[in-house]
Amino acid sequence: MGAGKTTVGKLLARRLYRDFIDIDEEIEKAFGMPIPEIFNVYGEQAFRDKERELIKAFGSQPLLVISVGGGAFLQEENRRNCLANCTVLYFDISWDSWKERIHILTETRPLLKDKTLQEMEQLFRERQSIYAANHSEFRVDNFEAMDAADYLADSLKMSWDIHA
Ligand code: SKM
C-alpha cells in the first residue's frame, strides 16, 4: 500500500496501449462509497469478499493493467488467480522509504489507522515476505515512477516476444 502501484500502473498501461483498472476504485464504485466508509459500515470482511470477486473477474480478462490493493495478496485465492492468469509485478520499497510516506496514507487506509510505528513496521515486514514469494519475474525497487514504467514496459514487451 502506498508503493506507487496506481501511479506506475497508469503510466505502464499507456505505454502498453492497455486499459488500466484500479481494484480499489472498482470496490468503491460497487459499494458507492470510499474505502474507509466501507470498512466502517460493512466491515473489512465485506471489503475483502468484494476485492476477491473483482480480482477474479478482471484478472481473467486479457489486455489490462490491474492495480490490486496492498492487502489483496494476503488471500491465497487472489495469489493463485493472479499468478495463474496474469504477469504479477512486485514494487519493492524499503521500510525507510515507506515510513516517510505513512503520514499521507493514514487518512485513507483504514488498516493503518491507530497503529503505532512499530505495528506498522510489523505489518510491512509480514507483507513484504508474502509479496517477495509471489510474483512473476518482474520486480522493481527504489524506483521513480516514469523510469519504472519505462523499464517494465520494455521488459514485458521483450518477454512477450520471447514467449510468443
Ligand atoms: O485496498 C485498500 C485498503 O485500504 C486495504 C489495503 C491493505 O490492506 O493494504 C490497501 C488499500 O489499497
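Residues numbered from 1 in each chain as written. Predicted model: local features only at pLDDT ≥ 70, side-chain atom pairs only at ≥ 80, totals over all residues. Heavy atoms only, no water.

K.L.:
Where do I start with the overall build of the protein in this structure?
P.N.:
From N to C terminus, the protein includes 8 helices and 4 strands. When the elements of the protein are put in sequence order from the N terminus, they spell out α-β-α-α-α-β-α-β-α-α-β-α. Oriented by its inertia axes, the alpha-carbon framework of the protein measures out at about 45 × 35 × 25 Å. The contacts of the protein with a sequence gap of at least 6 include a subset with a gap of at least 24, amounting to 70%. Of the roughly 9,400 Å² that the protein leaves accessible, carbon and sulfur atoms contribute 50%. Averaged over its 21 positive side-chain charges, the protein has a centre that lies 2 Å from the centre of its 28 negative ones. (Helix = DSSP H or I, 4+ residues; strand = E, 2+ residues; numbered from the N terminus. Contact = heavy atoms within 4.5 Å. Areas by Shrake-Rupley, 256 points an atom, 1.4 Å probe, with all protein chains shown as cover. Lys, Arg positive; Asp, Glu negative; His and termini not counted. Charge placed at Lys NZ, Arg CZ, Asp CG, Glu CD.)

K.L.:
Where do I start with the side chain of aspartate 92 in this structure?
P.N.:
Position of aspartate 92 relative to the elements: it lies in strand E3 (residues 90–92). Among the residues examined, aspartate 92 registers a relative accessible area of 12% and is labelled buried. Of the polar contacts made by the side chain of aspartate 92, one reaches the side chain of glutamine 128; its length is 3.3 Å. Setting aside chain neighbours within four positions, we find aspartate 92 in contact with Gln128, Arg139, Val140, Asp141 and Asn142. (Buried < 20%, exposed > 50% of the residue type's maximum accessible area, 1.4 Å probe, protein only. Polar contact = N/O pair within 3.5 Å; in protein donor to acceptor, adjacent residues only side chain to side chain.)

K.L.:
Even after reading the chapter, I still don't get the packing of aromatic side chains, so can you show me in this structure?
P.N.:
Two descriptors summarise a pair of aromatic rings, namely the distance from one centre to the other and the angle between the planes of the rings. According to the stated counting rule, one finds 7 aromatic pairs in the structure shown. With a centroid separation of 5.0 Å and an interplanar angle of 50°, the aromatic rings of phenylalanine 39 and phenylalanine 47 are classed as tilted. Looking at phenylalanine 39, the relative accessible area reads 16%, which means it is buried. In this structure phenylalanine 47 comes out as buried when scored by relative accessible area, which is 4%. Here the aromatic rings of phenylalanine 91 and phenylalanine 143 are separated by 5.3 Å at their centres, their planes lie at 65°, and the arrangement is edge-to-face. Placement of the pair is phenylalanine 91 in strand E3 and phenylalanine 143 in the loop between strand E4 (139–141) and helix H8 (145–163), with a sequence separation of 52 residues. (Phe/Tyr/Trp six-rings, centres within 6.5 Å; stacked < 30°, edge-to-face > 60°.)

K.L.:
What am I meant to see in the site of the ligand here?
P.N.:
With respect to spatial proximity, the complete set of residues near the ligand consists of Met1, Asp24, Ile35, Phe47, Arg48, Gly69, Gly70, Gly71, Pro110, Leu111 and Arg127. Measuring from an oxygen atom of the ligand, one finds a side-chain N or O atom of aspartate 24 at 2.5 Å. In this structure, glycine 71 approaches the ligand through a main-chain N or O atom, which is 3.2 Å from an oxygen atom. The fraction of the free accessible surface of the ligand (310 Å²) that becomes covered by protein chains is 99%. (Near = heavy atom within 4 Å.)

K.L.:
How do you make sense of the environment of threonine 6 when you look at a structure like this?
P.N.:
Along the chain, threonine 6 turns up in helix H1 (residues 5–16). Classification of threonine 6 by relative accessible area gives partly exposed; the value is 28%. Placed 61 residues apart in sequence, threonine 6 and serine 67 show a C-alpha to C-alpha distance of 6.0 Å. Beyond its immediate stretch of four places on either side in the chain, threonine 6 contacts Phe20, Asp22 and Ser67. Reaching out from threonine 6, the side chain makes a polar contact with the side chain of aspartate 22 at a distance of 2.9 Å.

K.L.:
Any chance you could explain helix H3 (residues 35–42) here in plain terms?
P.N.:
Structurally, the α-helix is built with 3.6 residues per turn, so residues lying three or four positions apart point the same way. Every buried residue of H3 is listed here: Ile35, Ile38 and Phe39. For H3, the angular spread of buried residues about the axis comes to 100°, placing them on one side. Turned more than 90 degrees away from the buried face of H3, the exposed residues are Asn40 and Val41. Residues of H3 that are buried make contact with helix H2 (23–31) and helix H4 (44–59). Looking one or two residues beyond H3, the residue adopting positive phi is glycine 43, at roughly 90°. (Arc of directions from axis to C-beta.)

Purely spatial values, then, with no claim about function.
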